[in-house]
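# Summary of the model geometry
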Amino acid sequence: MAPDPNSSSTGPREEASLKVPSKDPKKKDEKKDEDLSDEDLALKQQLELYVERVQDSDPGLQKMALESMRQEIRTATSSMTSVPKPLKFLRPHYGTLKSFYETMGDSDLKKYLADILSVLALTMSAEGELESLKYRLLGSEGDIGSWGHEYVRNLAGEISQEYAKRQSEEAPIDDLMELVQQIVAFHMKHNAEPESVDLLMEVEDLDLLVEHVDKTNHKRTCLYLTSSARYLPGPDDVLVLDIAYVIYLKFEEFPNALQIALFLDNMQYVKQIFTSCDDLLQKKQFCYILARHGVAFELDDEMVVDNDEREALQDIINNIKLNEGFLTLARDIEVMEPKSPEDIYKAHLLDGRASAGTSVDSARQNLAATFVNALVNAGFGQDKLMTVVSDASSGGTAGNWLFKNKEHGKTSATASLGMILLWDVDSGLAQLDKFLHSNDNHIIAGALLGVGIVNCGIKNDCDPALALLADYIGKEDSSVRIGAILGLGIAYAGCQNDQIRRKLTPILGDAKAPLDVVAFTAIALGFVYVGSCNEEIAQAIIFALMDRSESELGEPLTRLLPLGLGLLYLGKQENVDATAEVSKTFHEKIRKYCDMTLLSCAYAGTGNVLKVQHLLGQCAQHLEKGETHQGPAVLGIAMVAMAEELGLEMAIRSLEHLLQYGEQNIRRAVPLALGLLCISNPKVNVMDTLSRLSHDTDTEVAMVLNTGGILQAAVISLGLIGAGTNNARIAGMLRNLSSYYYKEASLLFCVRIAQGLVHLGKGLLTLAPYHSDRFLLSPSALAGIVTLLHACLDMKAIILGKYHYLLYVLVLAMQPRMLMTVDENLKPLSIPVRVGQAVDVVGQAGRPKTITGFQTHSTPVLLAAGDRAELATEKYIPVSPILEGFVILKENPDYQEDN
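This is a predicted model, so every value here is computed, not measured. (Residues numbered from 1 in each chain as written. Predicted model: local features only at pLDDT ≥ 70, side-chain atom pairs only at ≥ 80, totals over all residues. Heavy atoms only, no water.)

## Remarks on the overall build of the protein chain
Under the convention used in this document: Counting from the N terminus, the helices are the DSSP runs of H or I reaching at least four residues and the strands are the DSSP runs of E reaching at least two. Contacts are assigned to residue pairs that have any heavy atoms within 4.5 Å of one another. For the area figures, the Shrake-Rupley method with a 1.4 Å probe applies, and any residue is considered shielded solely by the protein chains shown. Note on charges: Lys and Arg go in the positive column, Asp and Glu in the negative column, and His and the chain ends are not counted at all. By convention, the point assigned to a charge is CZ for Arg, NZ for Lys, CD for Glu and CG for Asp.
The secondary structure content of the protein chain amounts to 46 helices and 11 strands. On the principal axes, the C-alpha backbone points of the protein chain span a range of 120 × 70 × 55 Å. Across the protein chain, contacts joining residues at least 24 apart in sequence account for 71% of those joining residues at least 6 apart. As presented, the protein chain carries roughly 38700 Å² of accessible surface, and 49% of it is formed by carbon and sulfur atoms. Separation between the mean location of the 83 positive side-chain charges and that of the 120 negative ones in the protein chain comes to 5 Å.

Pasting the structure below:
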């Protein structure tokens, strides 16, 4: 192939050495040439002639030959699968040209040849030699794009390898960075934004992006940045999102910038967005996004100058109009008619034996009916048990239903009124007020909890919840205290309200306070200060844990203390490390439990693969009886992996393995973890797994072995994955279970709760903590769900014991799953929208469709999990790019009616 490189560099002799081999193996060559068409043969001979001419001693001839060769290579087109012909025919001469290059003196021609060698190296150079880059750096400073995309792509790959090598040797990288500039500019011009982002990530210089994005490609670039951030290790992910934030601000895409600010939990950014934006309509939309995310945020005069406007905007953030919007949706879909628990159970569809079993344990059945009624009519303001207006003689039915419940059952029954009047603070407080004057402590406790529930997610300047509940925190009766404490936790979740901290922290250190009061105080503080990393509260909870006696540490309720501690660090990753170190000094009964809980909360929603592996490792150990820490570890897998679809699917598969090989206490937690992964999103494979787990062949044996835990967990989880979807298949499964377990009071109770969950808010509400196209995770919503799941790890003691009102913490995650379009004055506006399955369009060329299989409806509409909406009319322009919740529309000035 190549001549002997040691032969002298004079022209004729080189030529001679070249011609010899072509005459030698005659037959083989002729045969090969016969396959080529006449055109190709001519091209091949032409190129061979150029190769000879390049080595001529006359610079003029050399230059002409290089020019012609360059022209041939540049103009050659190839199909996607084959190498361009000139590169193919020049293959045998690559070595020749390389060795000739080494012998040339420095000149423009030498650089010219280096350019050509750099392109040839694309198909010729050995793996890992990086020759294409080497000759590129030696060549002329020309435009690299003219050699085509494949060449630029190859260069980018070689640069990232070379960069890593030079970094380890601490060599200068300036020449590489100049090339990077050119490549990024080329990619951004040619719609290959992901390629330039990848290159800049490799060379750790993402700031360059900001200069190169323009109006046409910034959206695609940022979409790629935000979706790739999910798969990057910290702190790279934050850097990537920061760049996306800067780009969005540069092009005044404020709503998108706001989402990134909330994802980073950076309130300075949120302020900056309010101050940078002048458009009042956009500011209103920001407020809707903040309200949905559930963060406490105070506007000041810098952000909104006009006082009246500021009040109006603050009202949106405070969710004052949420109830009104929800009822508008309900009227539009025509589901205002209140439903009774019997409408949900549909007992008439079953055979005889189930209906006969209803008389057994009627207090437990009435309690179940209370919850079903509260869940189904949540937010509608009317039902058939608690709010019925009746004639004066019978003394009001609310009273009647209340007294169909035993002691602590009355607490849940009274609190259910708060659920039915959810988000409607005025009438809620008015109706609950009369119960506060009752002489039954359980009823007072329920009314206090109800006050908290009504105010959930609604903030009010006069703080009615705080004013009402604060007086009851120090009362004698522990159930009243718990009602007030939990009520405060629910009403002010995520507010970080100082007054509450000052009122509740002393209870943690009070040696006389009963264990249950202390446990609920920890949870309430966890809600109010969720994700705040508040040192003072963390210390108070740690001391409370250290003060517990050994017998108390074995109590199921004690486990709520580490959870309250974990909620303070929800999603805050390594900020938990100091507290986690302290937890290693705890008594061994609770040490590991605390460790797992803190870890799983701190990395919740981050998708951190290493943490998932660590938690799986904890679950792999086979321990002696009495160890409880594997339950939170299993839940932790789900909490960490729920961040993105891919990790979620993998976690579901890992959990299936745990079911097969795990110990009892692991298996009991698996259904709950599945329920969290697919909450309000009934995936068929998960539904089947849970259905399998909820049938045990021999119930008696199950009860004796206390495997009842897994049955109950599976049933509750069926309710969670179907929450608010009205899913007919799950509803059918639960109906069959109710007749199957009609003699088992506690299992029947779980079935009823699950039935209530499936029909949550008559199918208008969701429990999913993710919103904005599954990008943002609402911390208080997740806190509510996780608290319930931890309580379900020991169903018998908590939910089936006297703390069933802990079910109400789910209210933190309840949100209408609607798209409500409003006009510029925030009045509902009905327009056609297309609703379909969302399609991932990251990194796709052109402008692909973002939804598939859509149907056109007029707003307000319901959005199921994985649905996305887009406007079906051009008359209006949405202010927010993501159509979920409340979306403000402005009229399109360029719109023309078709005649």
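Back to the write-up after that little detour.
## Concerning unusual backbone geometry
For clarity, the threshold we go by: Partly exposed residues are those whose accessible area sits between 20% and 50% of the maximum for their type, while under 20% is buried and over 50% is exposed, using a 1.4 Å probe and protein chains only.
Each neighbour pair has its own omega, and for Thr859 with Pro860 the value is -5°, a cis peptide bond. Structurally, Pro860 can be placed in the loop between strand S7 (851-858) and strand S8 (861-862). Of note in this structure, Glu334 is not a glycine but carries a positive phi near 65°. Structurally, Glu334 can be placed in the loop between helix H19 (322-333) and helix H20 (341-345). The class for Glu334 is exposed, based on a relative accessible area of 71%.

## Section: the pattern of salt bridges
The condition is simple: When a carboxyl oxygen of Asp or Glu is within 4 Å of a side-chain nitrogen of Lys or Arg, the pair counts as a salt bridge.
Under the definition given, this model contains 21 salt bridges. Arg153 is paired through a salt bridge with Glu195; the nearest N and O atoms lie 3.1 Å apart. Of this pair, Arg153 sits in helix H9 (residues 149-169) while Glu195 sits in helix H11 (residues 193-202), and the two are 42 residues apart along the sequence. The closest approach of N and O atoms between Asp265 and Lys572, which form a salt bridge, is 2.7 Å. Highlighted residues: Asp265 in the loop between helix H15 (254-263) and helix H16 (267-276) and Lys572 in the loop between helix H33 (560-568) and helix H34 (577-583), separated in sequence by 307 residues. Residues joined by salt bridges that share partners form a network here, namely Glu162, Lys165, Arg166 and Asp175.

## Description of helix H44 (residues 745-758)
This is how it is decided: Residue count minus one, scaled by 1.5 Å, sets the expected span of a helix.
The end-to-end C-alpha distance of H44, which contains 14 residues, comes to 20 Å, matching closely the 20 Å that a straight helix rising 1.5 Å per residue would cover. Most of H44 sits out of view: 13 of its 14 residues are buried.

## A closer look at helix H30 (residues 515-528)
Counted at 1.5 Å a residue, the expected span for H30 with its 14 residues is 20 Å, and the 20 Å between its end C-alpha atoms agrees. Counting buried positions along H30 gives 14 out of 14 residues, so the element sits mostly inside the fold.

## Remarks on the packing of aromatic side chains
This is how the line gets drawn: The rule is short: rings of Phe, Tyr and Trp, with Trp giving its six-membered ring, pair when the centres are within 6.5 Å, and they are stacked under 30 degrees, edge-to-face over 60, tilted in between.
Overall, the coordinates contain 14 aromatic pairs when judged by the stated rule. Judged by centre distance (6.5 Å) and plane angle (75°), the ring pair of Phe254 and Phe286 falls under edge-to-face. You can see Phe254 sitting in helix H15 and its partner Phe286 sitting in helix H17 (residues 280-293), a full 32 residues away along the chain. Phe286 carries the same exposure label as Phe254, and that label is buried. Taken together, a centroid distance of 6.1 Å and an interplanar angle of 40° make the contact between Phe520 and Tyr805 tilted. One end of the pair, Phe520, is in helix H30; the other, Tyr805, is in the loop between helix H46 (798-802) and strand S4 (815-816), and 285 residues separate them in sequence. For the pair formed by Phe520 and Tyr805, the shared burial category is buried. In textbook terms, an aromatic cluster arises when at least three aromatic residues are bridged by ring pairs, as seen for Phe254, Phe274, Phe286 and Phe297.

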